[in-house]
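# Working through the structure, step by step
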Amino acid sequence: MDIADWEKRYSEAVSNVKGQLENVRGVFVAYNSNVDAMKHIKEAEIKKLIGIIGCEKIHERIVEYPREIRDPVDFMARLIIAMRDGKAAEVPTYTTDIHEWLMDNLVFDSARMGGQAGIISNLLANLGVKNVITYVPWLSREQAEYFVDSSSLLHPVIEDGKLILKHPKEAYNPEQKPKINWIIEFSKGIKFKCAGEEYAVPRDNRLIISSRPQWIRIDMSPEMYEQLSDIREDIDGAILSGYQMIREEYEDGTTYLDYVARAVNVIERLKGCNPKMRIHVEFTSIQNKVIRKALLTDIVKKHVTSLGLDTVEVANALNVLGYEELAYSVINKGENSIVSLYEGAVRLLKELELQRVHIHSLGYYICVVSKDHPLDADSHRQALLFASALAATQATLGSVRSLDDISAGLEVPVYGQGHDDLIELEKYLVRRGICTAEDFEDGCISADGHDLIIIPSKIVKDPVATVGIGDAISAGAFIALLAKMPKFNICQEKE
Ligand SMILES: Nc1ncnc2c1ncn2[C@@H]1O[C@H](COP(=O)(O)O)[C@@H](O)[C@H]1O
Ligand SMILES: O=P(O)(O)OC[C@H]1O[C@](O)(COP(=O)(O)O)[C@@H](O)[C@@H]1O
Ligand SMILES: [Mg+2]
């Protein structure tokens, strides 16, 4: 299909999904919200920071590839790696030292809602989705301020032993400290030198320094857990993220296994007597491989229906599941990487017993769907097209304030390079007899054991920021599917 035809499909899909969103009865969103301290770094500032620390030290640390930020050298090493590769990265820090150093030496431009759950909750409320029940285990007064003023945005609290729902601004814990992450956004074309090497940033992207204070827990109180079933009648699905915060061991003797078991219990409680409830997990960067594997094999597998990831995250997921070669080929940037992404998506779908794996890449989205998914391929394609228009809106405006804002995203053209990249996958599928060139044309392919839906996406040339775009894509597609899903209440039907 040529680009003009894709543009037509975009308009139809957006208009269709816009009219259906009111069908969603509600969504539960947990766990991670934080404040993002945003800094769009300039060439002169990079040179200044390199000057302060010294190239020799930075170069040595780049080779060591730190997986945690302990000091400014770790920070500069990971920043230069991210800029060199044009790749998104998220690295944890367990003290406030780097925050103070960054405040002294860089200073942020603005602060906004961060964290997959926080970003997605605000987005869905702004789109007019009813009953967006957001849950943040560490809801501080400062954090609550970043939630939008919408009567459909609610947070569970326990009052007099009973679970009630209130706007986050009325539900915060006054004793709770805020969690502040640093987002260093960098632009394509920035150039600098360090230790004799010349760097030129190939793509707009960002480094996230994720603060992990010791009080962070992916958890809920026993009272809330007990009464969680009271809210499930109003919700059609859940979007969960933040599991990257789970630690291997805690000071009180508990381990990640305890928190994994609790996370699974929450999902089971939400499903209650509706085992068909849609549960989406938004993956993110997880440096710790034990936790990454536990999330995939113990939380996602068997308990979750849908998984969303960017390309680096696909490689990371494949890596811990034992597909090292495929993981390498995904991030290798060669012309085969689209084929590897598709093969990787199929492996994740099968291995993790999912119904849907949605990969967002720069220029196209790949979604593989199990044959028993209740919706047809055209519905899945519409969901992806809606998600792409939403992402382009976010990249253009910085945030999506209402459903009508999506017209800004619709005006963004389909990315020519992304459209061209699809040809490699087409050739591969035709060569293997999986489909014909004609079947591939409209992006809906019926393969053996799964369906493949692939679309070229809209890319904003100079995005306001890149952080959180992936969250908009995954949440946009998931909510569009919920809107199309037949509605029934198994709990009542059984009674
Ligand atoms: N400039 C952009 N316009 C539209 N979409 C974009 C742009 N830059 C990145 N994207 C999309 O966002 C995801 C990033 O996902 P994360 O989960 O936030 O890493 C990327 O794959 C593109 O699909
Ligand atoms: O691991 P944490 O501390 O929850 O951090 C999550 C970070 O990811 C984000 O939610 C962005 O998500 P993406 O990387 O998918 O764009 C930031 O807003 C936030 O700082
Ligand atoms: Mg993401």
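Residues numbered from 1 in each chain as written. Chains lettered and ligands numbered in written order. Predicted model: local features only at pLDDT ≥ 70, side-chain atom pairs only at ≥ 80, totals over all residues. Heavy atoms only, no water.

### Description of the site of ligand 1
Within the structure, ligand 1 sits among 14 residues, and Arg 206, Asp 310, His 360, Ser 361 and Val 460 are positioned closest to it. In this structure, His 360 approaches ligand 1 through a main-chain N or O atom, which is 2.9 Å from an oxygen atom. Take Ser 361: an N or O atom from its main chain is 2.8 Å from an oxygen atom of ligand 1. Notes on ligand 1: free accessible area 500 Å², of which the protein chains cover 94%. At 3 residues, helix α18 (residues 469-484) tops the list of elements feeding residues into the shell around ligand 1. Of the residues in the shell around ligand 1, the class split is 8 nonpolar, 3 polar and 3 charged. (Near = heavy atom within 4 Å. Polar contact = N/O pair within 3.5 Å; in protein donor to acceptor, adjacent residues only side chain to side chain. Areas by Shrake-Rupley, 256 points an atom, 1.4 Å probe, with all protein chains shown as cover. Helix = DSSP H or I, 4+ residues; strand = E, 2+ residues; numbered from the N terminus. Nonpolar A, V, L, I, M, F, W, Y, C, P; charged D, E, K, R; others polar.)

### Here's the deal with unusual backbone geometry
In this chain, Ala 30 is followed by Tyr 31 through a cis amide linkage whose omega measures 10°. A positive phi angle, close to 50°, is found at Ala 195, a residue other than glycine. Positionally, Ala 195 belongs in the loop between β9 (191-194) and β10 (197-200). Its identity as a non-glycine residue notwithstanding, Glu 353 has a phi of 55°, on the positive side. Mapped onto the secondary structure, Glu 353 falls in the loop between α13 (337-351) and β15 (356-360).

### Considering the packing of helix α2 (residues 43-53) against helix α4 (residues 72-85)
Their axes nearest at 11 Å, the elements α2 and α4 cross at an angle of 140°. Relative to α4, α2 is oriented oblique. As α2 runs across α4, the sense of the crossing is left-handed. Across the interface between the two elements, Ile 46, Leu 49, Ile 50 and Ile 53 of α2 pack against Pro 72, Val 73, Phe 75, Met 76, Ile 80 and Met 83 of α4. Considered class by class, the residues forming the contact of α2 with α4 number 10 nonpolar, no polar and no charged. (Axes fitted to C-alpha atoms, helices over the stretch in contact; angles between N-to-C directions. Parallel < 35°, antiparallel > 145°, perpendicular 65-115°, else oblique. Left-handed = near helix turned anticlockwise from the far one by under 90°. Contact = heavy atoms within 4.5 Å.)

### Structural notes on the site of ligand 2
Surveying the vicinity of ligand 2 reveals 20 residues, the closest of which are Asp 36, Glu 90, Lys 179, Arg 206 and Ser 210. Asp 471 places a side-chain nitrogen or oxygen 3.2 Å from an oxygen atom of ligand 2. Counting residues per element, the shell around ligand 2 draws most heavily on strand β11 (residues 205-211), which supplies 3 residues.

### Describing the confidence of the model for the chain
For the chain, per-residue confidence averages 94 on the pLDDT scale, and 98% of positions sit at 70 or higher. The ipTM for the predicted assembly is 0.98, set against a pTM of 0.94. (pLDDT = per-residue confidence, 0-100.)

### Some points on the sheet that holds strand β4 (residues 110-114)
If you trace the 5 strands from one edge of the open sheet to the other, you get β3-β11-β8-β2-β4, paired in mixed fashion. Each edge of the open sheet carries a strand with a single partner, namely β3 (89-93) and β4. Averaged over all neighbouring strand pairs, the angle between strand axes comes to 25°, with direction disregarded. Here strand β8 (residues 180-186) runs beside β11; their pairing, made up of 5 bridges, is antiparallel. Counted as the bridge partner of Phe 186 is Asn 205 from β11. Across the face of the sheet, helix α5 (residues 97-105) comes into contact with β3, β8 and β11 while running at roughly 50° to β8. (Pairing = 2+ DSSP bridges.)

### Description of a negative patch on the surface
On the surface, Asp 2, Glu 438, Asp 439 and Glu 441 cluster together into a negatively charged patch. Note that Glu 438 resides in helix α17 (residues 437-441). Given a relative accessible area of 61%, Glu 438 falls into the exposed group. (Patch = residues over 30% accessible without salt bridge, like charges linked within 9 Å, V, L, I, M, F, W, Y side chains within 5 Å. Salt bridge = Lys/Arg side-chain N within 4 Å of Asp/Glu carboxyl O. Lys, Arg positive; Asp, Glu negative; His and termini not counted. Charge placed at Lys NZ, Arg CZ, Asp CG, Glu CD. Buried < 20%, exposed > 50% of the residue type's maximum accessible area, 1.4 Å probe, protein only.)

### Describing the pairing of strand β2 (residues 34-40)
Among the 7 residues that make up β2, 6 are buried, leaving the element largely enclosed by the rest of the structure. With 5 bridges joining them, β2 and β4 adopt antiparallel strand pairing. Opposite Met 38, over in β4, you have Ser 110 as the bridge partner. Here β2 runs beside β8; their pairing, made up of 6 bridges, is parallel. Residue pairing across strands places Val 35 opposite Ile 180, the latter belonging to β8.

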